[in-house]
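# Residue-level structure breakdown
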Amino acid sequence: MFAARTPTLPPATHTNSYALGGRDVLLVEPATPYEGEQRAWIGWARGLASQGRKPVAIVATHHHADHIGGVDVIARELGLPVWAHVETAKKLRHIEVARHLEDGDSLALDGPIPEEWTVLHTPGHAWGHVCLWQEESRTVVVGDMATSVGTILVAPGDGDMRVYLEQLARLAALDARLALPAHGEPIDAPTALFEKYIAHRGVREQMTLRALPTSPEGALPIDDLVPLAYPDVPVTTWPIAKLSLASHLAKLAEEGRAMEREGRWSRTEEGRTS
Ligand SMILES: [Zn+2]
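Residues numbered from 1 in each chain as written. Predicted model: local features only at pLDDT ≥ 70, side-chain atom pairs only at ≥ 80, totals over all residues. Heavy atoms only, no water.

Moving on, we get to the overall build of the protein. Secondary structure assignment for the protein yields nine helices and 14 strands. For the protein, the C-alpha radius of gyration of 20 Å lies close to 19 Å, the compact-globule estimate for 274 residues. Its C-alpha atoms put the protein at 70 × 35 × 30 Å along the principal axes. Taking all 274 residues of the protein together, 52% fall into the buried category. Within the protein, contacts between residues separated by at least 24 positions form 61% of all contacts whose residues are at least 6 apart in sequence. (Helix = DSSP H or I, 4+ residues; strand = E, 2+ residues; numbered from the N terminus. Rg over C-alpha atoms; globule rule 2.2 N^0.38 Å. Buried < 20%, exposed > 50% of the residue type's maximum accessible area, 1.4 Å probe, protein only. Contact = heavy atoms within 4.5 Å.)

Structure representation (structure tokens):
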């Protein structure tokens, strides 16, 4: 693991990159846009040779700036191909993505002990998000699906709360022993953390429902709903909370439990009983 400073969501300050493989190596997360940090990153990758390890490709879990900020410089300096999901590739117009990773793809790494990593397409935080799963060691590289520092933002546009929760459940079902997140320390009880995330979002969904007026006449704009649905969050975090709330509302609307008219939200009949 190599942690580089990046423009990420506080309280996180760094993005972790991982060198997977005992001989042939996948470098995950060409993260940092800062020049000094890129030099250190490239130094780390070149230093793998002294352990008899040889990078063969760079993998981006998704397209957010704190994950691909160095991709062009790092790929060019190391002369390595970039692999990513097609939805990520579409956003990385400034570089060529040599291989489109798909759900179920097996990435075989040669070496005295050959390794195999399976691609899991896990949208929800970003449409092109992928995780990498190694069954043998029960290790999963989770990118921004979970973190050991701060929270994961599911914002409208890139994100989708319903899909994110589905994919978290899928990660929980892996029964992984170790999760390697893009932010924070490695997670040694990942299933419990994934389940905690699912439960936490469920509680927030209930708080959102309860914050919604029961009649369309009393409907409220999202700005007024933030302090009601996030009473535990400091004012400085309201802009982030608002994005998350918008994702919860979109899910509730999709399920017919909330409705929006001219920017004002209320509960539906179904939302009143659920
Ligand atoms: Zn992200």
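Tracing the backbone through its elements, the reader meets Thr191 in helix 6 (residues 190–211). Residues in contact with Thr191, not counting those within four places in the same chain, are Ala172, Asp175 and Ala176.

To summarise the sheet geometry, strands pair through backbone hydrogen bonds and adopt either a parallel or an antiparallel arrangement. On the basis of which strands lie adjacent, the open sheet formed by three strands has the order 12-14-13 and antiparallel pairing. One side of each edge strand has no neighbouring strand; the edge strands of this open sheet are strand 12 (220–221) and strand 13 (258–261). Alignment of strand 13 against strand 14 (residues 264–267), held across four bridges, turns out to be antiparallel. When the sheet's bridge partners are listed, Glu260 is paired in strand 14 with Trp265. (Pairing = 2+ DSSP bridges.)

The full count for this structure, using the stated rule, is 18 salt bridges. With its nearest N and O atoms 3.1 Å apart, the salt bridge here joins Glu269 to Arg272. One end of the pair, Glu269, and the other, Arg272, are both in helix 9 (residues 269–273), three residues apart, so they sit about a helical turn from each other. Here Arg272 falls in the partly exposed class, since its relative accessible area comes to 36%. Through salt bridges with shared partners, a single network forms among Glu205, Lys251, Glu255 and Arg257. (Salt bridge = Lys/Arg side-chain N within 4 Å of Asp/Glu carboxyl O.)

For the pair helix 6 and helix 8 (residues 238–254), interaxial distance at closest approach is 10 Å and the crossing angle is 80 degrees. Our classification of the angle between helix 6 and helix 8 gives roughly perpendicular. Contacts between helix 6 and helix 8 pair Arg201, Arg204, Glu205, Thr208 and Leu209 from the former with Ser244, Leu245, His248, Leu249, Lys251 and Leu252 from the latter. In terms of residue class, the contact of helix 6 with helix 8 is built from four nonpolar, three polar and four charged. (Axes fitted to C-alpha atoms, helices over the stretch in contact; angles between N-to-C directions. Parallel < 35°, antiparallel > 145°, perpendicular 65-115°, else oblique. Nonpolar A, V, L, I, M, F, W, Y, C, P; charged D, E, K, R; others polar.)

Our next topic: the coordination of the zinc ion. The zinc ion binds to the protein through His62 (NE2), His64 (ND1), His125 (NE2) and Asp144 (OD); the donor distances cover 2.2 Å. In the primary structure, the donors to the zinc ion are separated according to the pattern H-x1-H-x60-H-x18-D. Taken together, the residues His125 in the loop between strand 8 (115–121) and strand 9 (130–134) and Asp144 in the loop between strand 10 (139–143) and helix 5 (161–173) connect sequence positions 19 residues apart. Overall, the relative accessible area of 7% leaves His125 in the buried class. (Donors = N, O, S within 2.8 Å, 3.2 Å for Na, K, Ca; no water.)

Locating Gln134 in the fold gives a position in strand 9. Within the structure, the side chain of Gln134 is placed 2.5 Å from the side chain of Ser137, a separation counted as a polar contact. Excluding anything up to four places from it in sequence, Gln134 contacts Glu115, Glu116, Trp117 and Thr139. (Polar contact = N/O pair within 3.5 Å; in protein donor to acceptor, adjacent residues only side chain to side chain.)

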